[in-house]
Amino acid sequence: MKFPWSHTTVVDMIKNDHKVEEKCRQVTTDIVSGKLSIAEFVEELGPALTHTDASIRAKGTTLLSNVLTDLPVDCLSTSQVDLLCTFYIDRSLDHNSVTPMVLAGIEALTHMTNFPDGAAVRLLRALFERVPCQSQKKPERTLYFRTVLTLSTQKTTEMKEWGVDFVYGVIGAIEGERDPRNLLYLFEHMPSFIQTYPMFHLAEEMFETFACYFPIDFHPNPNDPVAITRETLAELLGNCLCATPEMAGFAVPLLLEKLDSSLIMAKLDSLALLARCLELLDVAKIEEHHDELWTALKKVLFPIGTTSTAEKELLDAAYATVEKLVKNATNSESTVKTLLDKILLSVMGGLTDGSSKQFEPSLRVELSCAKASDYCAVYVIEKLVPMLLAQLNTDEHIEARVANVLVDAIQRLCAVCSYWYCIHKLDVGIVGQMHKKLVEIVLQEADTSEQKRSALLALAAVPEMVTSENRYVVYSTIIKILLNAGVKPMQTIAAVQDCLFSFAIRYQQEVKTVVLEKLIANDYATVDSAIVQLVFKTLGKFLLYHGYMDKILKFFLSKIFDPENEKLSIVAMDTLIDVVESGHSTQLAKAELYVQYKLIDQFFDYSNDRLSSDYLHAMARLIGAVVKQLSVEDQHELILNRLPSLQLQRRSDLYLASGLLGYLDQSVPLVDHFENLVTDLSKLALESDDAKVQDICNRLLCSLFNRMPDDEHHRGVLKRLLKTIRTELKKHNHQAVVILGWIGKGLIARGHAEAGEIVDDIADLLDHPTLAHVAALAFEILSIEFPQLHLPLLRNLFKQKLFVWIMNKLEKRMEQYAVSHLKALAFVLAATPHAVLKMNLSKVGPVLLKCLAQDDDKTILEALTIVLRFTRDHDAFIQDHLQTLIPLLLKLTVRESSMKIRIDALECMLYVCKYPTFLLLPFKQSTLLALQKPLDDRKRLVRNAAVATRLQWFVVGSTEEAKTDK
């Protein structure tokens, strides 16, 4: 047998060779290849393993454990693993300095595929009896826990046969653990252990082992790279405490005790634990605690004084717990009725007075009960509705605020009734009284009143309770409100729509003949545009309901192709666009608009140059929305049939082409049309004086070049167009620069080779005497995203690529930058991801500071937005340039031309206060003087920002802040 250290003894090697661990890797390789057996290796290590010096034995055991850790799990045979188990069991009696290496070796053995039967019990018995877990350091305790839980998973049968001694050993090992990462591991794995193994008489002891950590009080180390949160530990601890119904039974007294705590977090954890217990325990186990639980919950549900945000979270958790408590009791009708009676009796005082502060929490308690089951919903509704109606029907004067509260309470009860669909289980008399009152409110109250809104929502929740004659009253009210909307609150309009759609589902024929007929037949020619949009939007939603599509579509199409009123036509098209683009009805675009009603064919027949640009624009958008929903085959067929006949010199045909091509799938071929399209569009864009026509041509060119095949023919078309554009540039044609920007945008997005050349051309124009301003705007086109621009091919990191191009082109000439250069750079930097800017801040920072000194609002705003992000992050570049930045920002705080600039500059100055005090003190007095003027700004938002910023600057250098800095 040959070792890497064969010329010396093992003991000398361990004492003197610092590279021994590297040599052990060779041993591992030899064992895997079969050149060496593990038994021979142990034999060779014998002098070290049996040495009289404990440190030598520890190092020898370390070598063996390291080799075992590095070996593949299937490398050793059963007999070899058994031999090593016996060895480590003997080693467990060794000096405590050897114990860590023993634990490492045992843990490595537990992962071996050929782990022998019977060895697990021997190993763990030795550990439990000879190696006290909590006497070890944190890494060794981790190995201990991993060993125990790994063997409990792999050798379940053996461990179960071992019985109560195994469970007792596990409890002894984990009891008193303090390290949060070890606790995290235990909390993650112990629930399955508890569910797998019978606890015998140790169930309560196992529970107490975990109960000592409840509630979790933990503050993570801010420098921990893999931080453990208190919330994670709390959730996992709950899994342990409620791992089985038996454990959950012990948890109820514990959480009752902790609910009395003054700490909100302890109460939240207790409520979360109670919710888990209620899911596991049957009614009989919980019923005996009902009185205690409700007493504890009442203290949380009815707090004294104002409530903070944390206390509101606690209240929400308490209401959810009430629901779960009642839900747990629903398995026994007598128990749940007793509990509901108990809760109702407790909150009755608050419910009988709508003006009481206790009314809302009492109502929420009852609503939580009602959500537990349909039985509970019926109980609560039948008890509460008479109480609420009695307060509403009083002969005495009732305040509007109180009446609003009471009607809203009825509406919320109706919502619960709708959820459980229990209207038919309610007492007929109570339903009749409630329905009568709601209809009365709908008839008599003003359209803007909160009562009317709540009543409509209540009727929407349970339309079944409205009798046939009263339904027509509701329909008339809905029509009146919609056709006379005026300045009514949006909440009222939303309630009307909800009510209408609810009745439309339940009473389709009535709604068609009564409501829709009147809305459709109304003359909208002289109606206010806001009302027309509201009614059309409401009708548009009916397209999503079965049975209404045909009627509504015919109405909209009649308006679209009505030459007498283009405004209505445009609103109708906008409504259809919204419905199609919502994606809720996939068949609307294809099966209805495209196939059945042949909408696109109708547009081709109807469109002409006499139509307004607004109409044609809406038409193009609607065509595009429909085309986007079509299959590739349908799109291809549509292009073959319709595109060749278009003459783009005609304004209407140009808009039709825009609709057809705007959202075309990239796989639809345009080879036969590409060159003609590019020629016609570029010519039209260069020669037309109509800004809308130019914009359509530019967008189509952008989309076409983004999707063009990268072959010789199409590259030739591009080169010829670029040659034409360069000729126009010599004539100082501003539109040629814009076209160049749009083409560049399409090519940059797909990562085309020609994109860099176009960017260089535009960058060169920044020095042009007459085209520099337009070139800067071209960089805005290159940089920003346009929501209605379809770019089928998008390459990753194209924004970063544009940043690299423009910085390489311009960074060497920073001192010579003109206004146009800075404006262009501002647009590019605004579109560049923040992480990229941060990596290049040494280059970008000086540019941003120069941009802040410009007179152009757009340039300043783009640069200021970026500077604000870096200031908020306390970036070192900002700290190094405060002497330049602060005067610039103070100047911007009084810039009259833009409120947004003033507010952002003030916010930036606010974050500057977070830098070290000694850097800020030289600027304090001048800053406080400069910030006096924004305090009197004509805009309230600016004044608010100025107050907050000046206050922070005022305390810079104060004693308290100085202490904080130290």
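All of these numbers come straight from a predicted model, not from anything done at the bench.

## Things to note about the overall build of the protein
Link 1 in the chain: Across its full length, the protein carries 54 helices and zero strands.
Link 2 in the chain: Whereas a compact globule of 966 residues would reach a radius of gyration of roughly 30 Å, the protein reaches 39 Å, over 25% beyond that.
Link 3 in the chain: When contacts within the protein are restricted to residue pairs at least 6 apart in sequence, those whose partners lie at least 24 apart make up 73%.
Link 4 in the chain: Surface accessibility of the protein: about 44300 Å² in total, with carbon and sulfur atoms responsible for 52%.

## Digging into the pattern of salt bridges
Link 1 in the chain: Scanning all chains against the criterion turns up 44 salt bridges.
Link 2 in the chain: Among the ionic pairs, Arg 895 bridges to Asp 857, the shortest N-O distance being 2.6 Å. A residue pair is termed long-range when its members are at least 10 positions apart, and Arg 895 in the loop between α49 (882-892) and α50 (899-912) and Asp 857 in helix α47 (residues 857-872) qualify at 38 residues.
Link 3 in the chain: What makes Arg 895 buried here is its relative accessible area of 17%.
Link 4 in the chain: Using a relative accessible area of 24% as the deciding quantity, one classes Asp 857 as partly exposed.
Link 5 in the chain: A network of salt bridges, in which partner residues are shared, links Arg 57, Arg 91 and Asp 94.

## A word on the nonpolar core
A general trend in soluble globular proteins is that nonpolar side chains are found buried together.
Link 1 in the chain: Met 190, Phe 603, Tyr 615 and Trp 953 are the most contacted members of the largest nonpolar core, which totals 362 residues.
Link 2 in the chain: Ranked by residue count, the leading element in this core is helix α22 (residues 374-392), at 12 residues.
Link 3 in the chain: Excluding its chain neighbours within four sequence positions, the residues that come into contact with Met 190 are Leu 149, Val 170, Ile 174, Met 206, Phe 210 and Cys 240.

## Things to note about the packing of α22 against helix α23 (residues 400-420)
Link 1 in the chain: The contact between α22 and α23 brings their axes to 10 Å, and the two run at 160 degrees. With respect to α23, the element α22 is oriented roughly antiparallel. The handedness of the crossing between α22 and α23 comes out as left-handed. Here α22 contributes Asp 374, Ala 377, Val 380, Ile 381, Leu 384, Val 385, Leu 388, Leu 389, Gln 391 and Leu 392 to the contact with α23, which in turn contributes Ala 403, Leu 406, Val 407, Ala 409, Ile 410, Leu 413, Val 416, Cys 417 and Trp 420.
Link 2 in the chain: For the contact of α22 with α23, a count of residues per class yields 17 nonpolar, one polar and one charged.

## Description of α50
Link 1 in the chain: With 14 residues, α50 should cover 20 Å at 1.5 Å per step; its first-to-last C-alpha distance of 20 Å lies within 8% of that length.
Link 2 in the chain: Of the residues making up α50, those classed as buried are Ile 901, Arg 902, Ile 903, Asp 904, Ala 905, Leu 906, Cys 908, Met 909 and Val 912.
Link 3 in the chain: For α50, the secondary structure elements touched by its buried residues are α47, α49, α51 (917-920), α52 (924-930) and α53 (940-954).
Link 4 in the chain: A distance of 3.5 Å separates the backbone nitrogen of Lys 900 from a side-chain oxygen at the start of α50, and that oxygen is part of Ser 898.

## Things to note about the environment of Thr 321
Link 1 in the chain: Looking at the secondary structure, you find Thr 321 in helix α19 (residues 309-329).
Link 2 in the chain: Taking relative accessible area as the criterion, Thr 321 reaches 2% and is therefore assigned buried.
Link 3 in the chain: On a C-alpha basis, the gap between Thr 321 and Cys 369 in space is 9.7 Å, while along the polypeptide they are 48 residues apart.

## Re the packing of aromatic side chains
Link 1 in the chain: If you walk through the whole model with that rule in mind, you get 27 aromatic pairs.
Link 2 in the chain: On the basis of an interplanar angle of 35 degrees and a centroid distance of 4.8 Å, the ring pair of Phe 193 and Tyr 197 is categorised as tilted. Taken individually, Phe 193 and Tyr 197 each receive the classification buried, so the pair is uniform in this respect.
Link 3 in the chain: Note on Tyr 606 and Tyr 615: the rings are 6.0 Å apart at their centroids and 50 degrees apart in plane angle, and the pair reads as tilted.
Link 4 in the chain: Using a relative accessible area of 0% as the deciding quantity, one classes Tyr 615 as buried.
Link 5 in the chain: One Lys or Arg, Arg 146, reaches over the ring of Tyr 185 and ends 4.5 Å from the middle of that ring.
Link 6 in the chain: When the ring centre of Tyr 548 is taken as origin, the NZ or CZ atom of Lys 512, which lies over that ring, is 5.7 Å away.

## As for unusual backbone geometry
Link 1 in the chain: The amide bond that connects Phe 214 to the next residue, Pro 215, takes the cis arrangement and shows omega of -5 degrees.
Link 2 in the chain: In this fold, Pro 215 is placed in the loop between α13 (203-211) and α14 (230-241).
Link 3 in the chain: At Lys 598, a position not held by glycine, the phi torsion is positive, near 45 degrees.
Link 4 in the chain: Within the fold, Lys 598 resides in the loop between α32 (586-596) and α33 (599-606).
Link 5 in the chain: We classify Lys 598 as partly exposed; its relative accessible area is 44%.

## Digging into the confidence of the model for the protein
Link 1 in the chain: Summarising the model, the protein shows a mean pLDDT of 90, and 96% of its residues fall at 70 or more.
Link 2 in the chain: Every residue in residues 960-966 is under pLDDT 50, and counting partners more than four places away or in other chains gives five contacts.

## Concerning the packing of helix α25 (residues 450-461) against helix α26 (residues 468-483)
Link 1 in the chain: Axis separation between α25 and α26 bottoms out at 13 Å; the angle between their running directions is 130 degrees. With respect to their mutual orientation, α25 and α26 come out oblique. At the point where α25 passes α26, the crossing takes the left-handed sense. Along the contact surface, α25 presents Lys 452, Leu 456 and Leu 459, while α26 presents Val 474, Thr 477, Lys 480 and Ile 481.
Link 2 in the chain: Of the residues in the contact of α25 with α26, the class split is four nonpolar, one polar and two charged.

## What to know about α23
Think of an α-helix as turning once every 3.6 residues; residues three or four places apart then point the same way.
Link 1 in the chain: With 21 residues, α23 extends 31 Å from end C-alpha to end C-alpha; this agrees with the ideal 30 Å at 1.5 Å per step.
Link 2 in the chain: Buried residues of α23: Val 402, Ala 403, Leu 406, Val 407, Ala 409, Ile 410, Gln 411, Leu 413, Cys 414, Val 416 and Cys 417, and no others.
Link 3 in the chain: Lining the buried residues of α23 we find α21 (359-370), α22, α24 (428-444) and α25.
Link 4 in the chain: Positive phi appears at Tyr 421, one or two residues downstream of α23, with a value of about 50 degrees.

## A short note on the state of the cysteines
Link 1 in the chain: Enumeration over the complete set of coordinates arrives at zero disulfides.
Link 2 in the chain: There is no disulfide at Cys 851, and the cysteine sulfur nearest it, in Cys 908, is 14 Å away.
Link 3 in the chain: According to the relative accessible area criterion, Cys 851 is buried, its value standing at 0%.

## A short note on the side chain of Ser 65
Link 1 in the chain: Among the secondary structure elements, Ser 65 is positioned in helix α5 (residues 54-70).
Link 2 in the chain: The exposure class of Ser 65 is buried, given its relative accessible area of 2%.
Link 3 in the chain: Engagement of the side chain of Ser 65 in a polar contact is seen with the backbone nitrogen of Gly 105, the distance being 3.3 Å.
Link 4 in the chain: Residue contacts for Ser 65: discarding those within four places in its chain leaves Tyr 88, Met 101, Ala 104 and Gly 105.

## What about the side chain of Ser 368?
Link 1 in the chain: Counting through the fold element by element, Ser 368 comes out in helix α21.
Link 2 in the chain: Residue Ser 368 is classed as buried on the basis of its relative accessible area of 6%.
Link 3 in the chain: Those residues in contact with Ser 368, other than ones at most four positions away along the chain, are Tyr 319, Val 322 and Glu 323.

## Regarding the environment of Arg 401
Link 1 in the chain: Among the structural elements, Arg 401 can be located in helix α23.
Link 2 in the chain: Among the residues examined, Arg 401 registers a relative accessible area of 45% and is labelled partly exposed.
Link 3 in the chain: Along the primary structure Arg 401 and Met 465 are separated by 64 residues, whereas in three dimensions their C-alpha atoms are 26 Å apart.

## Comments concerning the environment of Met 348
Link 1 in the chain: Position of Met 348 relative to the elements: it lies in helix α20 (residues 333-351).
Link 2 in the chain: When the C-alpha positions of Met 348 and Phe 359 are compared, they lie 9.2 Å apart, and in sequence the two are 11 residues distant.

How each quantity is defined
- Residues numbered from 1 in each chain as written.
- Predicted model: local features only at pLDDT ≥ 70, side-chain atom pairs only at ≥ 80, totals over all residues.
- Heavy atoms only, no water.
- Helix = DSSP H or I, 4+ residues; strand = E, 2+ residues; numbered from the N terminus.
- Rg over C-alpha atoms; globule rule 2.2 N^0.38 Å.
- Contact = heavy atoms within 4.5 Å.
- Areas by Shrake-Rupley, 256 points an atom, 1.4 Å probe, with all protein chains shown as cover.
- Salt bridge = Lys/Arg side-chain N within 4 Å of Asp/Glu carboxyl O.
- Buried < 20%, exposed > 50% of the residue type's maximum accessible area, 1.4 Å probe, protein only.
- Core = buried A, V, L, I, M, F, W, Y, C linked by side-chain atoms within 4.5 Å.
- Axes fitted to C-alpha atoms, helices over the stretch in contact; angles between N-to-C directions.
- Parallel < 35°, antiparallel > 145°, perpendicular 65-115°, else oblique.
- Left-handed = near helix turned anticlockwise from the far one by under 90°.
- Nonpolar A, V, L, I, M, F, W, Y, C, P; charged D, E, K, R; others polar.
- Expected span 1.5 Å × (residues − 1).
- Polar contact = N/O pair within 3.5 Å; in protein donor to acceptor, adjacent residues only side chain to side chain.
- Phe/Tyr/Trp six-rings, centres within 6.5 Å; stacked < 30°, edge-to-face > 60°.
- Lys NZ or Arg CZ within 6 Å of the ring centre and 35° of its normal.
- pLDDT = per-residue confidence, 0-100.
- Disulfide = S-S within 2.5 Å.

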